[in-house]
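Below are the chains, spelled out letter by letter.
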Protein chains: 6
Amino acid sequence: MTPLWRGYSLLYLEGQERAHPQDLGQAGSCVPMFYTMPFSVCGVSGCHYASRNDKTYWLSTMEKAPNRPFDGNIIRNHISRCVVCEAPASAVALHDPNSKRPPECPENWTSIWQGYSFLMYTGGGDEGGGHSLTSPGSCLSQFRAQPFVECQGARGTCHFFANVYSFWLTTLSNSSSTLSDVQDQSNHVARCSVCIRL
Amino acid sequence: MTPLWRGYSLLYLEGQERAHPQDLGQAGSCVPMFYTMPFSVCGVSGCHYASRNDKTYWLSTMEKAPNRPFDGNIIRNHISRCVVCEAPASAVALHDPNSKRPPECPENWTSIWQGYSFLMYTGGGDEGGGHSLTSPGSCLSQFRAQPFVECQGARGTCHFFANVYSFWLTTLSNSSSTLSDVQDQSNHVARCSVCIRL
Amino acid sequence: MTPLWRGYSLLYLEGQERAHPQDLGQAGSCVPMFYTMPFSVCGVSGCHYASRNDKTYWLSTMEKAPNRPFDGNIIRNHISRCVVCEAPASAVALHDPNSKRPPECPENWTSIWQGYSFLMYTGGGDEGGGHSLTSPGSCLSQFRAQPFVECQGARGTCHFFANVYSFWLTTLSNSSSTLSDVQDQSNHVARCSVCIRL
Amino acid sequence: MTPLWRGYSLLYLEGQERAHPQDLGQAGSCVPMFYTMPFSVCGVSGCHYASRNDKTYWLSTMEKAPNRPFDGNIIRNHISRCVVCEAPASAVALHDPNSKRPPECPENWTSIWQGYSFLMYTGGGDEGGGHSLTSPGSCLSQFRAQPFVECQGARGTCHFFANVYSFWLTTLSNSSSTLSDVQDQSNHVARCSVCIRL
Amino acid sequence: MTPLWRGYSLLYLEGQERAHPQDLGQAGSCVPMFYTMPFSVCGVSGCHYASRNDKTYWLSTMEKAPNRPFDGNIIRNHISRCVVCEAPASAVALHDPNSKRPPECPENWTSIWQGYSFLMYTGGGDEGGGHSLTSPGSCLSQFRAQPFVECQGARGTCHFFANVYSFWLTTLSNSSSTLSDVQDQSNHVARCSVCIRL
Amino acid sequence: MTPLWRGYSLLYLEGQERAHPQDLGQAGSCVPMFYTMPFSVCGVSGCHYASRNDKTYWLSTMEKAPNRPFDGNIIRNHISRCVVCEAPASAVALHDPNSKRPPECPENWTSIWQGYSFLMYTGGGDEGGGHSLTSPGSCLSQFRAQPFVECQGARGTCHFFANVYSFWLTTLSNSSSTLSDVQDQSNHVARCSVCIRL
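Since this is a predicted model, take the numbers as computed values, not measurements.

Q: Provide a residue-level description of the interface of chain A and chain C, including the pertinent values.
A: Taken together, the contact pairs 33 residues of chain A with 39 residues of chain C. Between chain A and chain C, the buried area comes to about 2,900 Å², and carbon and sulfur atoms account for 58% of it. Summed over the shared surface of chain A and chain C, the number is two salt bridges. The interface formed by chain A and chain C holds 14 residue pairs in polar contact (both at pLDDT 80 or more) in total. The residue makeup of the side of chain A that touches chain C, split by class, is 15 nonpolar, 12 polar and six charged. Alignment of strand β4 (residues 39-43) of chain A against strand β15 (residues 165-169) of chain C, held across four bridges, turns out to be antiparallel. Looking at β15(C), one finds that Ser40(A) is bridged to Trp168(C).

Q: Could you give me a rundown of the pairing of strand β6 (residues 55-59) of chain D, with the residues and numbers involved?
A: When a strand is regular, its side chains alternate between the sheet's two faces. All names here are of chain D. Taken across its five residues, β6 has five buried, putting it largely inside the fold. Where burial is concerned, the two faces of β6 agree: the one with Lys-55, Tyr-57 and Leu-59 and the one with Thr-56 and Trp-58 are both buried. The sheet contact formed by β6 and strand β13 (residues 148-152) spans five bridges and is antiparallel. In the sheet register, Tyr-57 faces β13, and the bridge partner there is Glu-150.

Q: Report on the relation of the copies chain A and chain C, specifying residues and quantitative values.
A: Overlaying chain A on chain C yields an RMSD of 0.0 Å, the required transformation being a rotation through 120° with an accompanying axial translation of 0.0 Å. Here the copies are linked by what is in effect a three-fold axis.

Q: Lay out the side chain of His20(B) in plain terms, naming residues and giving numbers.
A: As for its position among the elements, His20(B) is in strand β2 (residues 18-21). Overall, the relative accessible area of 8% leaves His20(B) in the buried class. A polar atom in the side chain of His20(B) sits 2.8 Å from the backbone oxygen of His131(A). Sequence-distant contacts of His20(B), defined by excluding residues within four places in its chain, comprise Leu119(A), Met120(A), Gly129(A), Gly130(A), His131(A), Ser132(A), Tyr12(B) and Leu13(B).

Q: Which residues make up the pairing of strand β13 (residues 148-152) of chain B, and what values go with them?
A: Residue and element names in this part refer to chain B. Across the five residues of β13, five count as buried, placing the element largely inside the fold. Burial of the side chains of β13 extends over both faces: Phe-148, Glu-150 and Gln-152 are buried on one face and Val-149 and Cys-151 on the other. The pairing of β13 with strand β14 (residues 157-159) spans three bridges and is antiparallel. Each bridged residue has a counterpart across the sheet, and for Glu-150 the counterpart in β14 is His-159. Connecting the antiparallel pair β13 and β14 is a turn made up of four residues, with Gly-156 showing a positive phi of about 70°.

Q: Tell me about the packing of aromatic side chains, and name the residues and values.
A: Counted under the stated rule, the structure contains 72 aromatic pairs over all chains. An angle of 75° between the planes, with centres 5.6 Å apart, marks the rings of Phe167(D) and Phe39(F) as edge-to-face. Linking Phe167(D) in strand β15 (residues 165-169) with Phe39(F) in strand β4 (residues 39-43), this pair reaches from one chain into another. The exposure classification of Phe167(D) matches that of Phe39(F), with both residues buried. Considering the side-chain rings of Tyr121(F) and Phe148(F), the 5.6 Å spacing of their centres and the 65° angle between planes classify their relative orientation as edge-to-face. With Tyr121(F) in strand β10 (residues 109-122) and Phe148(F) in strand β13 (residues 148-152), the pair connects residues that are 27 residues apart, well separated along the chain. One aromatic cluster is present, formed by Tyr12(A), Tyr57(A), Tyr116(A), Phe118(A), Tyr121(A), Phe143(A), Phe148(A) and Trp168(A) through successive ring pairs. Over the ring of Tyr116(D) we find Arg191(D), and its NZ or CZ is 4.2 Å from the ring centre.

Calculation rules
- Residues numbered from 1 in each chain as written.
- Chains lettered and ligands numbered in written order.
- Predicted model: local features only at pLDDT ≥ 70, side-chain atom pairs only at ≥ 80, totals over all residues.
- Heavy atoms only, no water.
- Contact = heavy atoms within 4.5 Å.
- Buried area = accessible area lost by both parts, 1.4 Å probe.
- Salt bridge = Lys/Arg side-chain N within 4 Å of Asp/Glu carboxyl O.
- Polar contact = N/O pair within 3.5 Å; in protein donor to acceptor, adjacent residues only side chain to side chain.
- Nonpolar A, V, L, I, M, F, W, Y, C, P; charged D, E, K, R; others polar.
- Pairing = 2+ DSSP bridges.
- Helix = DSSP H or I, 4+ residues; strand = E, 2+ residues; numbered from the N terminus.
- Buried < 20%, exposed > 50% of the residue type's maximum accessible area, 1.4 Å probe, protein only.
- Least-squares fit on C-alpha atoms with pLDDT ≥ 70 in both.
- Phe/Tyr/Trp six-rings, centres within 6.5 Å; stacked < 30°, edge-to-face > 60°.
- Lys NZ or Arg CZ within 6 Å of the ring centre and 35° of its normal.

Following this line, the structure appears as structure tokens:
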């Protein structure tokens, strides 16, 4: 496939305390430049930039984050990177919560990557979003309990807050448990494959 | 078209009291196995399964439901079934609120089914979702006032609660009325066709 | 491209105080007939039409609106029009917040229009929606601070209320300012192009 | 005690899709005149009256309500009445979920009435409110499953909608059941007494 | 009455995107020192101060506000002042939407001030609060369409945003109108008296 | 003062995903018996008990809680106790964020206890409540970052979840910091006194 551009993985935005997600499987979620605040808000009194409390949420890297809000150049170490490619056909995700292995692609389809079934997420104000289970955005190549970070638009800081959740399809069907051992966590998350037609 | 798999029709999920829908017109809404709780929630304290109050919502069958929450094997009688097919092109829905008959497909397109214009829905906590009117998921082959059921993830029970609504495009344009006679209801719901290019 | 039908641009609906958007880049957002209330709500007590407080939101024209709620024939002067076309391939939007000019389409792609990066919106009750930055719906050919109008379904009136916001990608990166001069506003809104593969 | 005025029992109001309750144990909940819309909303563009979708909720009488929204003179038959009295001391509510009889007032206190423990309520948009368990408003003299009615401010109609709930303290402690037999319902609702110091 | 302290009139606070009001009729709403951010938030990861997006809302003075967010010493010119007094009995508000004059206090009661019936309010995120109609906080001595200002805690700025509403009891009963002429506005707002027992 | 009864400190309830608080300074918050689910919900289909996802929130003890949801007899070790007393006058809280010591009561008033200024709180679904700063409930004798626990009504389990916050008035006025050292936390929380008139 031909790469069209590279950028930073935007998961969702929050304006006026309301979330609007971007589909990680679509080109629009790969933003060429990173800004903690990429939008302005317009209404009857004109447009304002960074005058209130809006936020952005980005997929994060595996790097261990500071305990406190961080800003400046440190931020880019924690924001996940992406590439937009032109492909001959659409890619789709397949999930199989019944098995510990990623599913096989159908006949005449090939797998472009395998990962973990990332379903939905919530952040500040219990706002959030999610993915269609058909979108490649629902299949993240790596599992982490906290796969995204919150950035305070106006202040230019980012932080992993405690009330930020990710939801994953699971192979468990009837036990109630806290899975805090990191090995344990990825064992129970359902696996997925992203397939494209040959 | 080639069938790829069969499963149960997942309409939306609610995690941490926030809804995330699945598009009934996409493969991701057809889940191979039925679980009242197919996901776990992860955060700063690790991952939990079925430890709080999350729910799932599924399209329901025409079978008359019990008055009380039901569980176990009875559930599957009330969950609608689906099949995922590989098709040569995308299918789209067309709606015509101006007519009592489903619309004609454009020239060079053919109709794969006809139904009723199912626009959006709300459930517990006034959470919910909806469909793009272009998605085949917005055209349900049968009309019912309560086309989906709520399942309590952790408890393994399902029930048709009273504060669960479905919204349908309508042929009425200016009268205010309660349409409680079931015949009357389907007379006023707009019709749609799902078309695919030949 | 072949025009299939013309209609009115529906941005989102609000039923039971919950919003459900339509993607302006998809055919479903172009509704052949205009109604302030195109849907009915069904539940355990049957179906009701226009019995509560539901609303619809439509893209608006450039025409100056009255100060007060307006109804009847005046409404149509303020509702933006659309056309649905059959195209040989999907159109996608590209955005470039780094430049004051709309971006170039990739090699082998051509631009069908250029506009302003319309990201998301909120209306009554802080409900709203948004677009995928890949959808042509995220690229409006004209910028206005108030690009859509709210219609009261049951009452048949429309109005530009003060707590209705639109959010636009911006070329500003670190200044806090009120941009109330209309010239100023469109200077800082990011530009976009809608491209289709040749 | 001296009666100061008589009126209609206002439970809560909803403006801009947000609820604000009145305490049924305080004089402010007894409104001398009944209006479906007693308030106007003011902001940067001045004040509007009944231009949007605001609602009021009132305690209802025992009279059987029509199946459809009702208006005009019929409404007053369904709105509960109240009287405001000047008393030598504050009255307080006591609740006893452990017993099937209303609790005894403490020594040197006397009971002014006995009733059922009415805790909280939700209506449209899952908005609502509740009472302090100390307030006399938390002790309603009669139990009904639907003790209040919703009125559409601008339209002047009222109706008992299906997604309107009342919450009562209960003597049940560990059984899960649907109590639909009306006799059964009042048997399990906790009892309370309103006491005043002699 | 004996004055106990003087301060600034705090209307409500917003933490984690959720509002919590203070009753303007109670001493707790009169804060001795003014801070845009008077609280910190604690949870499983310890306590944070001003690290996210919390806000405070204060009653405002009659002074004309700048068009843009303002900070520093200018703020205090716009924050309304209060005094807490020890009184021999509780004061209560009485409202009369039926008359253009403030109501008379009952026999043996005297009026301490008269004003306008201030019922409830909403701000950012459609969060807000209101008063019991019995509380003196529901009777503001002066009417303005925008009686309170929003302050951004962490940034130390305040501003009158467009989506901030106040709700007032009104003498209008059945007309739909925009009352934008300031004279007109105060003519239709219901009057109230704050009374105390002699 | 005369003790009237002893019980468990109920902070707030959540029914149908909506919170309703109890004022810790009023008798209604001291519930004689502890139940994870003390209420049933009634509507058009009758009354249900523990059939959905309702929760209760209780003040907690200082005892270290398990990492996982706990149930049965263990719960009572973690639920804070209370006593309701008859007093000759109302008690009020006074706060002084300007000083590191609790404020003095006014002349002719005496202090009944001193504590930390507990302002508001949020739990699941970003629901919650708070106290009037005049109520004794706003002055907790001990400070903890997590002063309350969430109980799952139907399941009979309780747990300290990560997205549960408490908000305290603070003596800090302009620094942004994470105060994770427990000593540090109580140093910056404002102090208060609960006073009663002699």
